[in-house]
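# Descriptive analysis of the structure
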Amino acid sequence: MMLSSRWRCIVAAAALLSCQTAAQTYTSCNPLTSTCSADTALGMAIDVDFTKGAVNSFTSSGNPTYGSDGATFTVRQSGDAPQLTSVFYIMFGRVEINLKAAPGAGIVSSFVLQSDDLDEIDWEWLGADSTEVQSNYFGKGITSSYNRGQFHEMGNNQNGFVTYVIDWTSDRVIWTVDGTTVRTLQASEAESGQYPQTPMQVKFGAWSGGDPSNAQGTIQWARGPTDYSKGPFSMSVKSVKVTDYSTGHSYTYGDTSGSWQSIRSDGGKVNGNLGNADTLTTTAVASASTSTSSASVPAGGIGGSGDQSSSSSSSNLPEGWVMTSEGKIVPSSSASLHPIYTLFIFTLLATIAGTRRFWP
């Protein structure tokens with residue numbers, strides 16, 4: 001059976017990431033310093049219901065499980081860091097997640113948008129305090145200062161599911177909690193070179209910031225150390241809704257500036273879906289938040305910094321395959337196939353491609 005290089009990328013990525021146990025995200029190819037493969041564009045809106053099980057538009061590491069609470073990410077021992085990572089990227093967009101945070105001193109639940117050149121927008125929940133959530137952002141992986149994070153007071157985030165939104169455009173980022181805007185970042189107000197503006201993957205999972213092997217600053221920020229004898233500690237995600245504000249099949253960097261104006265869309269247009277995006281609905285605006293100017297907040301999303309064991313990777317949908325509105329990658333003719341046959345075909349091809357090299 002002959003497989004295109006694009007298809008080998010997507011299915012081999014699933015096979016590779018499913019074998020990894022640590023979940024620190026980093027970039028395997030930085031377009032500002034290297035020539036990299038194009039990023040698969042979502043180019044549409046999807047609504048993923050994890051109570052129905054896994055979908056192949058998200059690759060897993062660390063063995064998340066599925067049930068009535070959706071996808072569950074459990075930390076039982078040192079080194080556990082289960083997560084899901086989208087195979088697609090968005091170029092500006094709106095991401096909504098229905099999530100119940102994990103308890104436990106030092107345990108961190110994370111929801112991250114991250115690009116290949118290390119732009120980043122985060123939500124993070126510290127298990128030591130169920131009444132707050134942290135918003136954060138980074139640009140180009142610059143961590144010379146840690147004054148961009150803010151803590152926001154809220155109701156108990158560990159007893160039930162709460163809906164969180166990141167709404168991201170070239171002009172601003174808005175973070176909302178159950179319809180309440182807790183933070184707005186204008187591009188003009190961001191530190192120089194720090195406004196996130198390049199294609200992002202969607203990543204979420206749980207990890208132990210309070211693990212004794214971490215840097216002392218990370219342990220302190222996570223309010224550790226973690227006592228694993230009090231676990232296990234679980235975070236759950238029922239659903240994720242993702243709208244790409246751009247259109248097309250893939251995104252590439254036109255130069256090494258890292259500006260959004262340099263991004264090229266193959267088969268579409270950057271901001272081509274902005275006018276058709278749902279209006280961001282808010283019911284209130286929260287009071288002022290607490291900054292983290294003195295905290296050593298780690299960049300790099302799930303798992304903190306330093307452990308480069310789970311890379312962000314580019315992949316393109318194979319010719320003749322499409323993304324459904326439920327976030328499933330299927331053959332374009334799959335409407336006539338029973339779902340179990342579609343799953344069998346995808347799994348078979350993933351297994352075959354998994355024996356080959358990751359990059360063509």
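Please refer to the structure higher up on the page.
All of the points below concern the structure found in this document. (Residues numbered from 1 in each chain as written. Predicted model: local features only at pLDDT ≥ 70, side-chain atom pairs only at ≥ 80, totals over all residues. Heavy atoms only, no water.)

## Observations concerning the overall build of the protein chain
Condition: Secondary structure counts use DSSP, requiring at least four H or I residues in a row for a helix and at least two E residues in a row for a strand, with both numbered from the N terminus. Per-residue accessibility, obtained with a 1.4 Å probe over protein chains only, is compared with the maximum for each type, and a residue is labelled buried under 20%, exposed over 50%, and partly exposed between these values. The contact criterion used throughout is that any non-hydrogen atoms of two residues lie within 4.5 Å. Accessible surface area values rest on a Shrake-Rupley calculation with a 1.4 Å probe, where residue burial reflects the displayed protein chains alone.
Counting its regular elements, the protein chain contains three helices and 24 strands. Counting over 360 residues, the protein chain shows a buried share of 55%. Taking all contacts inside the protein chain whose residues are at least 6 apart in sequence as the whole, residues at least 24 apart take part in 74%. On the protein chain, roughly 14700 Å² of surface is accessible, and the fraction owed to carbon and sulfur atoms is 49%.

## A closer look at the pattern of salt bridges
For clarity, the cut-off: A side-chain nitrogen of Lys or Arg and a carboxyl oxygen of Asp or Glu constitute a salt bridge if their distance falls within 4 Å.
On inspection of all chains with the given rule, the structure shows nine salt bridges. The residue E96 makes a salt bridge to R94 at a minimum N-O spacing of 3.1 Å. Assessed through its relative accessible area of 18%, E96 is described here as buried. Overall, R94 belongs to the buried group, its relative accessible area being 17%. Its salt-bridge partner being D119, residue K140 comes within 2.9 Å of it at the nearest N-O pair. On the criterion of sequence distance, the pair formed by K140 in the loop between β11 (132–138) and β12 (150–153) and D119 in the loop between β9 (107–115) and β10 (120–126) is long-range, its members being 21 residues apart. When its relative accessible area of 0% is taken as the criterion, D119 is described as buried.

## Points about the state of the cysteines
Rules: Disulfides are defined as cysteine sulfur pairs within 2.5 Å.
Applying the stated criterion across every chain yields a total of one disulfide. Bridging C29 to C36, the disulfide has an S-S length of 2.0 Å. The S-S bond linking C29 to C36 shows a torsion near -90°; that makes this disulfide left-handed. Take C36: its relative accessible area is 24%, and that puts it in the partly exposed class.

## Examining the nonpolar core
Selection criterion: Residues belong to a common nonpolar core when they are buried Ala, Val, Leu, Ile, Met, Phe, Trp, Tyr or Cys residues joined through side-chain atoms within 4.5 Å.
F50, W123, Y164 and F204 are the most contacted members of the largest nonpolar core, which has 60 residues in total. If you tally residues by element for this core, the top one is strand β17 (residues 233–244), at five residues. Residue contacts for Y164: discarding those within four places in its chain leaves V95, E96, I97, L99, W123, W125, V133, M154, N157, T176 and V177. Grouped together as the second largest cluster of nonpolar side chains are seven residues, L126, F151, W221 and A222 included.

## Points about the sheet that holds strand β19 (residues 263–266)
Counted only if it meets this: At least two DSSP bridges between two strands are required for those strands to pair.
Read from one edge of the open sheet, three strands run β2-β18-β19, paired in antiparallel fashion. Bordering the open sheet on either side are β2 (39–40) and β19, each of which pairs with just one other strand. Summarising the sheet, strand β18 (residues 250–253) and β19 pair through four bridges and their orientation is antiparallel. Considered in β19, the bridge of T252 is made with R264.

## Considering the side chain of S57
Take S57: it is sitting in the loop between β3 (45–49) and β4 (58–61). By relative accessible area, S57 is classed as buried at 0%. Apart from residues lying up to four places away in sequence, S57 is in contact with T85, S86, V87, F88, M323, G327 and I329.

## What about the pairing of β18?
Summarising the sheet, β2 and β18 pair through two bridges and their orientation is antiparallel. Its bridge partner lying in β18, T40 is registered against S250.

## Quick word on unusual backbone geometry
With an omega dihedral of 10°, the bond running from G224 to P225 counts as a cis peptide bond. Residue P232 is reached from G231 by a cis peptide bond, and omega for that bond is 5°. Examined against the element boundaries, P232 turns out to sit in the loop between α2 (216–221) and β17. Phi at F92 takes a positive value of approximately 70°, unusual for a residue other than glycine. Of note, F92 is situated in the loop between β7 (83–86) and β8 (93–100). Of the residues examined, F92 reaches a relative accessible area of 0% and is grouped as buried. The residue N271 is not glycine, and still its phi comes out positive at about 70°.

## So, the pairing of strand β16 (residues 200–208)
Among the nine residues in β16, nine count as buried, and that is most of the element. On β16, burial covers both faces: M200, V202, F204, A206 and S208 on one face and Q201, K203, G205 and W207 on the other are all buried. Note that β7 and β16 share three bridges and pair antiparallel. Paired with Q83 across the strands is G205, a residue of β16. As paired elements, β9 and β16 share nine bridges and run antiparallel to each other. What sits directly across from S109, in β16, is A206.

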